[in-house]
Amino acid sequence: GTFLLLFFAGLAPLMGQSEEQIEKFKKERKAYFTEKLELTDDEAKAFWPLYDDFSNRKMKLVGDEKNTYSYAHKNAENLSDQEIIDILKKVNKLKEDQLKLEAEYYQDKFMKALPAKKVLKLGKVEWDFRRHLMRELRSQGHRDQGKKGGGQGGRDGGGQGPSVMPPPPMDF
């Protein structure tokens with residue numbers, strides 16, 4: 001269940017999760033971000049409603065992209081070239097919408113709630129939180145496998161996230 005909590009410091013991951021798991025994730029994210037960004041009470045009051053809105057909107061876009069790809073791959077043999085082109089255009093539009101959303105929040109809305117240096121640091125904090133969740137899940141996996149008598153064949157992860165994680169944000 002918790003594995004899904006990873007996908008984007010908590011966006012796509014929340015789909016299909018119980019209300020309790022979502023609340024646990026949001027509480028942990030809030031504590032982590034508040035500590036790492038050193039948010040004052042006033043900053044936190046201004047920031048969290050914005051970030052929650054940003055996160056929800058981004059989660060919807062990421063989910064739409066995932067669903068579009070999933071549909072395309074499941075139906076690839078039955079799709080015409082034009083339908084495939086239309087799907088690729090839709091995916092590209094969803095990615096553009098994600099970039100516009102990030103620009104709207106990072107360059108405007110978050111700047112009204114936080115000092116510029118904290119907005120800059122936010123991207124790294126999001127990335128670090130993803131890595132934190134990956135380590136947490138990896139250690140849970142080792143504990144679970146230990147109970148079953150299994151293991152990962154000597155792969156310890158070496159502190160690195162899996163190769164499927166995107167690079168940290170560098171565009172601001």
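Treat the numbers as computed from the prediction; the structure is a model and nothing was measured.

**Regarding the overall build of the chain**
So, step 1. Across its full length, the chain carries 4 helices and 0 strands.
So, step 2. When the helices and strands of the chain are listed from N to C terminus, the series reads α-α-α-α.
So, step 3. Expressed as a percentage of the 172 residues in the chain, the buried residues total 35%.
So, step 4. Approximately 11000 Å² of the chain is accessible, and the part contributed by carbon and sulfur atoms is 55%.

**Things to note about the nonpolar core**
So, step 1. In this structure, F33, F47, Y51, F110 and L122 are the most contacted members of the largest nonpolar core, which totals 23 residues.
So, step 2. Other than its neighbours up to four places away in sequence, F110 contacts F47, L50, Y51, F54, Y105, V119 and L122.

**Things to note about helix α1 (residues 19-37)**
So, step 1. Taking 1.5 Å as the rise per residue, α1 with 19 residues should run 27 Å; its terminal C-alpha atoms sit 26 Å apart, in good agreement.
So, step 2. Those residues of α1 that fall on the buried side of the exposure criterion are I22, F25, R29, Y32, F33 and L37. Taken around the axis of α1, the buried residues stretch over an arc of 110°, which confines them to a single face. Among the exposed residues of α1, those pointing more than 90 degrees away from its buried face are E20, K24, K27 and E35.
So, step 3. E38 sits one or two positions beyond α1 and adopts a positive phi of about 50°.

**Concerning helix α3 (residues 81-113)**
So, step 1. For α3, spanning 33 residues, the distance from its first C-alpha to its last is 46 Å, which sits close to the expected 48 Å at 1.5 Å a residue.
So, step 2. The largest bend along α3 reaches roughly 35° and is located at Y105.

**Brief notes about the pattern of salt bridges**
So, step 1. A complete count under the given rule lists 11 salt bridges for this structure.
So, step 2. Among the ionic pairs, K118 bridges to E43, the shortest N-O distance being 2.6 Å. With K118 in helix α4 (residues 116-148) and E43 in helix α2 (residues 41-74), the pair connects residues that are 75 residues apart, well separated along the chain.
So, step 3. For E102, the salt bridge goes to K58, with nearest N and O atoms at 2.1 Å. A residue pair is termed long-range when its members are at least 10 positions apart, and E102 in helix α3 and K58 in helix α2 qualify at 44 residues. Across this residue pair, the class does not change: E102 and K58 are buried.

**Details of the confidence of the model for the chain**
So, step 1. Here the chain averages 80 in pLDDT, while 73% of its residues score no lower than 70.
So, step 2. Put simply, α4 is where the chain has its lowest mean pLDDT, 84, and α3 is where it has its highest, 96.
So, step 3. Confidence drops under pLDDT 50 across residues 1-13; counting only partners more than four residues distant or on other chains, this segment forms 44 contacts.
So, step 4. Segment residues 149-172 is flagged for pLDDT under 50; beyond a separation of four residues in sequence, or across chains, it makes 26 contacts in the model.

**A short note on the packing of aromatic side chains**
So, step 1. Under the criterion given, the structure shown has 16 aromatic pairs.
So, step 2. Aromatic side chains F47 and W48 sit 4.9 Å apart centroid to centroid with 70° between the ring planes, which places their arrangement in the edge-to-face category. Residues F47 and W48 agree in their burial class; the two are buried.
So, step 3. Plain terms: the ring middles of F47 and F110 are 5.5 Å apart, the flat faces sit at 50° to each other, and that makes the pair tilted. Of this pair, F47 sits in helix α2 while F110 is found in helix α3, placing the two residues 63 residues apart along the sequence.

Conventions we followed
- Residues numbered from 1 in each chain as written.
- Predicted model: local features only at pLDDT ≥ 70, side-chain atom pairs only at ≥ 80, totals over all residues.
- Heavy atoms only, no water.
- Helix = DSSP H or I, 4+ residues; strand = E, 2+ residues; numbered from the N terminus.
- Buried < 20%, exposed > 50% of the residue type's maximum accessible area, 1.4 Å probe, protein only.
- Areas by Shrake-Rupley, 256 points an atom, 1.4 Å probe, with all protein chains shown as cover.
- Core = buried A, V, L, I, M, F, W, Y, C linked by side-chain atoms within 4.5 Å.
- Contact = heavy atoms within 4.5 Å.
- Expected span 1.5 Å × (residues − 1).
- Arc of directions from axis to C-beta.
- Bend = angle between axes of the 7 residues up to and from the residue.
- Salt bridge = Lys/Arg side-chain N within 4 Å of Asp/Glu carboxyl O.
- pLDDT = per-residue confidence, 0-100.
- Phe/Tyr/Trp six-rings, centres within 6.5 Å; stacked < 30°, edge-to-face > 60°.

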